[in-house]
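# Observations on chain architecture
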Amino acid sequence: MEQNTPKFRLRLNLFDGIILALVLIVGGVLAWFALRPAAQEADPAVTSTVRYTVRFQRWSEGSSALIQEGDQLVDNIRNYAMGQVVSWEAVPAVTQVLNQETRQYVQAPIEGYEDILVTVEAPCTESQNGFLLDGGYELRVGITTYIKGEGYMASGPVVAVEREEQA
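All of the points below concern the structure found in this document. (Residues numbered from 1 in each chain as written. Predicted model: local features only at pLDDT ≥ 70, side-chain atom pairs only at ≥ 80, totals over all residues. Heavy atoms only, no water.)

## Things to note about the packing of aromatic side chains
- By the definition in use, this model includes 4 aromatic pairs.
- Judged by centre distance (5.7 Å) and plane angle (15 degrees), the ring pair of Phe56 and Trp59 falls under stacked.
- On the basis of relative accessible area, Phe56 is assigned to the buried category, the value being 1%.
- Aromatic side chains Trp59 and Tyr152 sit 6.0 Å apart centroid to centroid with 65 degrees between the ring planes, which places their arrangement in the edge-to-face category. Highlighted residues: Trp59 in strand 1 (residues 46–60) and Tyr152 in strand 8 (residues 152–166), separated in sequence by 93 residues. Taken as a pair, Trp59 and Tyr152 share a single burial class, namely buried.
- Seen from the ring of Trp32, Arg36 lies directly overhead, with NZ or CZ sitting 5.4 Å from the centre. (Phe/Tyr/Trp six-rings, centres within 6.5 Å; stacked < 30°, edge-to-face > 60°. Buried < 20%, exposed > 50% of the residue type's maximum accessible area, 1.4 Å probe, protein only. Helix = DSSP H or I, 4+ residues; strand = E, 2+ residues; numbered from the N terminus. Lys NZ or Arg CZ within 6 Å of the ring centre and 35° of its normal.)

## Some details on the nonpolar core
- Ranked by size, the top nonpolar core spans 23 residues in total, and within it Tyr52, Phe56, Ile67 and Leu133 carry the most contacts.
- Of all the secondary structure elements, the ones that give two or more residues to this core are strand 1, strand 3 (81–99), strand 4 (104–127), strand 5 (130–133) and strand 8.
- In this structure Phe56 touches Ile67, Glu114, Asp115, Ile116, Val118, Ile147, Tyr152, Ala154 and Ser155, once residues within four positions along its chain are discounted. (Core = buried A, V, L, I, M, F, W, Y, C linked by side-chain atoms within 4.5 Å. Contact = heavy atoms within 4.5 Å.)

Below, the structure is given as structure tokens:
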């Protein structure tokens, strides 16, 4: 006499199908994390001191007296430390104006205003993208900065960056 054993049949309802799919997805993700190659470690960052110049634009004449050497500057938006003022220089404020006769843009002074070139020194780390100041601010030539010091706030582009020394 033959033994009558029923053949195995897998019958899943909707709930069982969802649970099975979730288990397979979680298992796949865990296997992917376990088997992927380890991330390459980045080269250790080189720490140094950077000296950069910011052009504070269109200040009223005489307002440059607010800036003092030794002022601690802070980013006005995210409160990152930006360094310490080393020196400053007031220069006449200029703008580009179209010369109607020659059809060329020329620099023309703005009466009653001055630009201030502020040189700042800060510790930083070097990366492929530029300099990362000690406070976390990413520094590159040409970016517009929004800075506050003691008794003043200003904005302007970074016009020069130079690395001082390696530590």
